[in-house]
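These are the residues of each chain, in order.
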Amino acid sequence: MNDKFFSLPKERQQAILNAGYHVFSQNSYKKSPVSEIAAAAGISKSLLFYYFRNKQELYLFLWENCIHATIRSMNAYDCYSQTSLFEMLERGMKAKMDLMREYPDMGNFAIKAFYEEDPAVAPAIHKSYEAFQNADAKDALKNLDPSQFKDGLDLKMMYREMYLAAEGYLWEMLRHTPLDSKSIEQDFGSMIQFWKHLYLK
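What you see is a predicted model, and the numbers here were worked out from it, not measured in a lab.

J.: Can you break down the overall build of the protein residue by residue, with the values?
T.: Summing up its helical and strand segments, the protein has ten helices and zero strands in all. For 201 residues, the compact-globule estimate of 2.2 N^0.38 gives 17 Å, and the protein sits close to it at 18 Å. Each principal axis of the C-alpha atoms in the protein carries an extent, and together these give about 60 × 30 × 30 Å. Put simply, of all contacts in the protein between residues at least 6 apart along the chain, 70% involve residues at least 24 apart. Carbon and sulfur atoms make up 54% of the accessible area of the protein, which amounts to about 11,100 Å² in all. When the 24 positive and 26 negative side-chain charges of the protein are each reduced to one mean point, those points stand 3 Å apart.

Right under this line is the structure:
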């Protein structure tokens, strides 16, 4: 699937992806013109449809790229092999900062996609997100030493709370242009210190 797209040079692939993320992050699925994506990518609409059969396929491809790019970046920072949850979170933040620099509008697109209600794409988005979140939590917790945390703590619930707080913070920061990566890393460091005090023995 999408062999024609993957045959393009990496620079051209990224230009098309970033154009898609930008346009779809500005409006709903229905109100995002494919012609604007093609123009932003510097190609014709017909050529865009040569790589993707239709708007739906392009949209879902962009969503799946969000997930796969996140997993690649997290693995590149060796996040899931850490025995310290907080070391994993710090590495995860750096991984996501890299993604923001590579795909400036990916975060805003992900928010729009998650809350998208159009039946053409919403069911597939929700199914994909649930599978990714469950796998992410499983990978995050498999190497942790429970003895480092306070007795009786529900580790899955703790991780979910941290995950949602971190994602919410990042999504809030995505509303600021340009991104201040130094401030984000400092703020996130403060959050980690708070969690350490709250949850560690």
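J.: Now, about the layout of surface pockets: what can you tell me, with residues and values included?
T.: Reported here for the largest pocket is a volume of approximately 350 Å³. Elements represented by at least two residues in the lining of the largest pocket include exactly helix 1 (3–6), helix 2 (10–26), helix 5 (55–76) and helix 6 (85–102). Sorting elements by how many residues they give to the lining of the largest pocket places helix 5 first, with seven residues. Residue classes in the lining of the largest pocket are distributed as seven nonpolar, five polar and five charged. Roughly 160 Å³ of volume is contained in the second largest pocket. Considering the residues around the second largest pocket, the lining is formed by Gln133, Asn134, Asp136, Ala137, Leu141, Lys156, Met157, Tyr159, Arg160 and Tyr163. Mapped onto the lining of the second largest pocket, the elements with two or more residues apiece are helix 8 (122–141) and helix 9 (155–173). Taken together, the residues of the lining of the second largest pocket sort by class into five nonpolar, two polar and three charged.

J.: Lay out the environment of Glu185 with the relevant residues and their values.
T.: Within the fold, Glu185 resides in helix 10 (residues 181–199). For Glu185, a relative accessible area of 40% translates into the label partly exposed. Sequence separation between Glu185 and Met93 is 92 residues; the distance between their C-alpha atoms is 7.6 Å.

Each value, and the rule that gives it
Residues numbered from 1 in each chain as written. Predicted model: local features only at pLDDT ≥ 70, side-chain atom pairs only at ≥ 80, totals over all residues. Heavy atoms only, no water. Helix = DSSP H or I, 4+ residues; strand = E, 2+ residues; numbered from the N terminus. Rg over C-alpha atoms; globule rule 2.2 N^0.38 Å. Contact = heavy atoms within 4.5 Å. Areas by Shrake-Rupley, 256 points an atom, 1.4 Å probe, with all protein chains shown as cover. Lys, Arg positive; Asp, Glu negative; His and termini not counted. Charge placed at Lys NZ, Arg CZ, Asp CG, Glu CD. 1 Å grid on protein atoms, 1.4 Å probe; cavity = no way out; pocket = protein on both sides within 12 Å on 5 of 7 lines; lining within 4 Å. Points joined across faces, edges and corners; volume = space filled by probe spheres on them. Nonpolar A, V, L, I, M, F, W, Y, C, P; charged D, E, K, R; others polar. Buried < 20%, exposed > 50% of the residue type's maximum accessible area, 1.4 Å probe, protein only.

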